[in-house]
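Chain by chain, the residues run as shown.
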Amino acid sequence: MRKLVSGLFVSLDGVAQSPDQWQFAFDKEMGASLAGTLESADTILLGGVTFTEWAGYWPTVTEGEDAGFAKWINESPKYVVSSTLDSVDGWANSTLIKGDLVTAVNELKAGEGKDITVAGSPTLVRSLLELDLLDELVLLIHPVVAGEGRKKLFTDDFPLKKLDLVSARPTSSGVIIATYRPAR
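Keep in mind it's a predicted model, so treat the numbers as computed, not measured.

Caption draft 1: Up close: the overall build of the protein. For the protein, the helix and strand inventory stands at five helices and eight strands. Counting from the amino terminus, the protein carries its helices and strands in the arrangement β-α-β-α-α-β-β-α-β-α-β-β-β. Relative to the globule expectation of 16 Å for 184 residues, the C-alpha radius of gyration of the protein, 16 Å, shows essentially globular dimensions. Reported as C-alpha extents along the three principal axes, the dimensions of the protein are approximately 40 × 40 × 30 Å. Going through the 184 residues of the protein one by one, you find that 42% of them count as buried.

Caption draft 2: Structural detail: the layout of surface pockets. Taken as a whole, the largest pocket spans an internal volume of roughly 1,700 Å³. Forming the boundary of the largest pocket are 48 residues, of which Phe9, Pro19, Trp54, Ala119 and Gly120 lie nearest the centre. When contributions to the lining of the largest pocket are tallied by element, the ones reaching two or more residues are strand E1 (4-11), helix H1 (28-40), helix H2 (48-55), helix H3 (67-75), strand E5 (115-118), helix H5 (122-130) and strand E6 (136-142). Among the elements that line the lining of the largest pocket, the one with the most residues is H1, at six residues. Partitioned by chemical class, the residues of the lining of the largest pocket number 23 nonpolar, 18 polar and seven charged.

Caption draft 3: Layout of the pairing of strand E2 (residues 41-47). Of all seven residues that make up E2, six are buried, and the element is covered over most of its length. Inspection of the sheet shows E2 paired to E5 by four bridges, in the parallel sense. Each bridged residue has a counterpart across the sheet, and for Ala41 the counterpart in E5 is Asp115.

Caption draft 4: Quick peek at the environment of Ser173. Topologically, Ser173 is positioned in the loop between strand E7 (163-170) and strand E8 (176-182). Counting along the chain gives 27 residues from Ser173 to Ala146, while the straight-line C-alpha distance between them is 17 Å. Sequence-distant contacts of Ser173, defined by excluding residues within four places in its chain, comprise Phe24, Ala25, Asp27, Met30 and Pro143. Among the polar contacts made by the side chain of Ser173, one reaches the side chain of Asp27 at a distance of 2.5 Å.

Caption draft 5: Expanded view of the nonpolar core. Leu4, Leu45, Val118, Leu128 and Leu134 are the most contacted members of the largest nonpolar core, which totals 25 residues. Looking at this core, the elements that each hand over two or more residues are E1, helix H4 (101-110), E5, H5 and E6. Leaving out residues up to four positions away in the same chain, Leu134 has contacts with Leu4, Val5, Ser6, Val118, Val125, Leu128, Leu129, Pro182 and Arg184. Formed by 15 residues, the second largest nonpolar core is a distinct cluster that contains Ala41, Ile73, Val88 and Leu96.

Caption draft 6: Just unusual backbone geometry, in detail. In this structure, Ser18 is a non-glycine residue whose phi angle is positive, near 50 degrees. Judged by relative accessible area, which is 25%, Ser18 ranks as partly exposed. In the Ramachandran plot, Asp132 falls in the positive-phi region, its phi being about 60 degrees despite a non-glycine side chain. Turning to its location among the elements, Asp132 is positioned in the loop between H5 and E6.

Caption draft 7: View of H3. Burial in H3 covers these residues: Ala70, Trp72, Ile73 and Asn74. The inward-facing, buried residues of H3 contact H1, E2, H2, strand E3 (78-81) and E5.

Cut-off values and rules
Residues numbered from 1 in each chain as written. Predicted model: local features only at pLDDT ≥ 70, side-chain atom pairs only at ≥ 80, totals over all residues. Heavy atoms only, no water. Helix = DSSP H or I, 4+ residues; strand = E, 2+ residues; numbered from the N terminus. Rg over C-alpha atoms; globule rule 2.2 N^0.38 Å. Buried < 20%, exposed > 50% of the residue type's maximum accessible area, 1.4 Å probe, protein only. 1 Å grid on protein atoms, 1.4 Å probe; cavity = no way out; pocket = protein on both sides within 12 Å on 5 of 7 lines; lining within 4 Å. Points joined across faces, edges and corners; volume = space filled by probe spheres on them. Nonpolar A, V, L, I, M, F, W, Y, C, P; charged D, E, K, R; others polar. Pairing = 2+ DSSP bridges. Contact = heavy atoms within 4.5 Å. Polar contact = N/O pair within 3.5 Å; in protein donor to acceptor, adjacent residues only side chain to side chain. Core = buried A, V, L, I, M, F, W, Y, C linked by side-chain atoms within 4.5 Å.

Written out as structure tokens, the structure is:
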């Protein structure tokens, strides 16, 4: 069975929204962690907001330092979870998930292929964790307080959820890459 894995940038105060506004460094260890995700996954799960933002950008990237990721994400099958989108036809290899999220994700996990990665989409990550669908949560914890009213990964009313720490390692810029699995 395929694993469903999410990797997110998060600040010390739990902010996952708009890391481009508070992420101060991107070091080689973070790059290696993200490259490992690309090597181990061949399918992408996205929330509607992330899909909408990324669909306007990644298909246009053909050169430069982001060209490798752009090629990977543009060519990979993408499954979009959204209650507001009617179509995802604007980005090649995209499928809108309709119906029950648990059923759809379990069908994806039972299919052939490598792991499934959740790209961005903190709201979706919360739902997947709450529904016991997420197998692994990798947090790249930045030593910064993002503040300023940005959305946190977990809301104050999120139900109690125990996770087991699988690994944690600091990077040269002070980011901690922490990998968790839901306690089951």
